[in-house]
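# Working through the structure, step by step
So the chains spell out like this:
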Amino acid sequence: MTQDELKQAVARAAIDYVVDGEIIGVGTGSTANFFIDELGKIKERIKGAVASSEATASRLRGHGIAVFDLNDVESISVYVDGADEIDASGAMIKGGGAALTREKIVASVSGKFVCIADGSKLVETLGTFPLPVEVIPMAAAAVTRRLAALGGQPRLRTRAGSTDAFVTDNGGYILDVAGLSIVDPVALETTINQIVGVIAVGLFAQRGADVCLLGTGEGVRTLRF
């Protein structure tokens, strides 16, 4: 199976976790997009969705799914999103799509986090995928020095085909930190969160996945944490 076929398989499997009549939290990225397409087929079963990015909101509306502001929602039963890496404890690196802050916010208020990913995303130790850190623009250089002191190799994310900094939906910059071997994701998440100027770090360990639907050549594998 191709990577897209694996993503589509887990997106279909995630529909089983949708709670009828409720508002669903939806993530950002290529795998989440497959889920949105599947969600569009059963849109009459849900009240609507909370989106983790402007791109996700646009895709949801394109399927005729009502998009709610999180401030207007009392509870979210389930949040469905992909991951750039996930380990055996359910801790993840996220943020390749630059929506890590809003993803983290929506995940934090959701009853269940369902991660959907192809099998290549399951790793023994997080850190091969560069860790995204969203920062206040004026603090980018200062935070870069602090992250380097932690043993990482931070690099400012730029717009495709440009040397200009990539700007998130929140007006932040992203530092992608290579060279880390994250043996204690919870501790590193806490440490980076405490750096002044950091908006959010793409480590989802304090609030990791509850379930991971992993696409493999033998079918969808379910991991529970």
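For the structure, check the block above.
Residues numbered from 1 in each chain as written. Predicted model: local features only at pLDDT ≥ 70, side-chain atom pairs only at ≥ 80, totals over all residues. Heavy atoms only, no water.

## A few points about the nonpolar core
By size, the foremost hydrophobic cluster in this structure holds 26 residues, and its most contacted members are V18, V26, F35, L39, L60, I116 and L213. For this core, the secondary structure elements donating two or more residues are α1 (3-14), β1 (23-26), α2 (30-41), β2 (48-51), α3 (54-62), β3 (76-81), β6 (110-118) and β12 (211-216). In this view, L60 contacts V26, I36, L39, A49, A51, I65 and V67; residues no more than four positions away in its chain are not counted. Ranked by size, the runner-up nonpolar core spans 22 residues in total, among them L126, V135, A140 and I195. (Core = buried A, V, L, I, M, F, W, Y, C linked by side-chain atoms within 4.5 Å. Buried < 20%, exposed > 50% of the residue type's maximum accessible area, 1.4 Å probe, protein only. Helix = DSSP H or I, 4+ residues; strand = E, 2+ residues; numbered from the N terminus. Contact = heavy atoms within 4.5 Å.)

## Some remarks on the state of the cysteines
Tallied over the full model, the rule gives zero disulfides. This cysteine, C115, is not joined by any disulfide, and C212 carries the nearest cysteine sulfur, 4.0 Å off. Overall, the relative accessible area of 0% leaves C115 in the buried class. For C212, a relative accessible area of 0% gives the class buried. (Disulfide = S-S within 2.5 Å.)

## Regarding a nonpolar patch on the surface
Together, I136, M138 and I199 make up a nonpolar patch on the protein surface, roughly 320 Å² of accessible area in all. Position of M138 relative to the elements: it lies in the loop between β7 (131-135) and α5 (140-149). (Patch = residues over 30% accessible without salt bridge, like charges linked within 9 Å, V, L, I, M, F, W, Y side chains within 5 Å. Areas by Shrake-Rupley, 256 points an atom, 1.4 Å probe, with all protein chains shown as cover. Salt bridge = Lys/Arg side-chain N within 4 Å of Asp/Glu carboxyl O.)

## Structural notes on the packing of α1 against α2
Running from N to C, α1 and α2 cross one another at 50°; their axes reach a closest spacing of 8 Å. One element, α1, and the other, α2, form an angle in the oblique class. With respect to the hand of their crossing, α1 and α2 are arranged in right-handed fashion. Contacts between α1 and α2 involve D4, K7, Q8, V10, A11, R12 and A14 on the former and, on the latter, S30, T31, F34, F35 and E38. For the contact of α1 with α2, the class distribution of residues is five nonpolar, three polar and four charged. (Axes fitted to C-alpha atoms, helices over the stretch in contact; angles between N-to-C directions. Parallel < 35°, antiparallel > 145°, perpendicular 65-115°, else oblique. Left-handed = near helix turned anticlockwise from the far one by under 90°. Nonpolar A, V, L, I, M, F, W, Y, C, P; charged D, E, K, R; others polar.)

## Things to note about the pairing of β6
By the criterion of burial, β6 is predominantly enclosed, with seven of the nine residues buried. Bridging between β3 and β6 involves five bridges; their strand directions are parallel. Counted as the bridge partner of I76 is S110 from β6. Pairing geometry for β6 and β12, over five bridges, is parallel. (Pairing = 2+ DSSP bridges.)

## Notes on the pattern of salt bridges
Counted according to the given criterion, the structure contains 12 salt bridges. With a closest N to O distance of 2.7 Å, D81 and K94 form a salt bridge. Of this pair, D81 sits in strand β3 while K94 sits in the loop between β5 (92-93) and α4 (100-108); the two residues are 13 residues apart in sequence, bridging distant segments of the chain. Each member of the pair D81 and K94 is classed as buried. In this structure, the salt-bridge partner of R207 is D210, at a minimum N-O distance of 2.8 Å.

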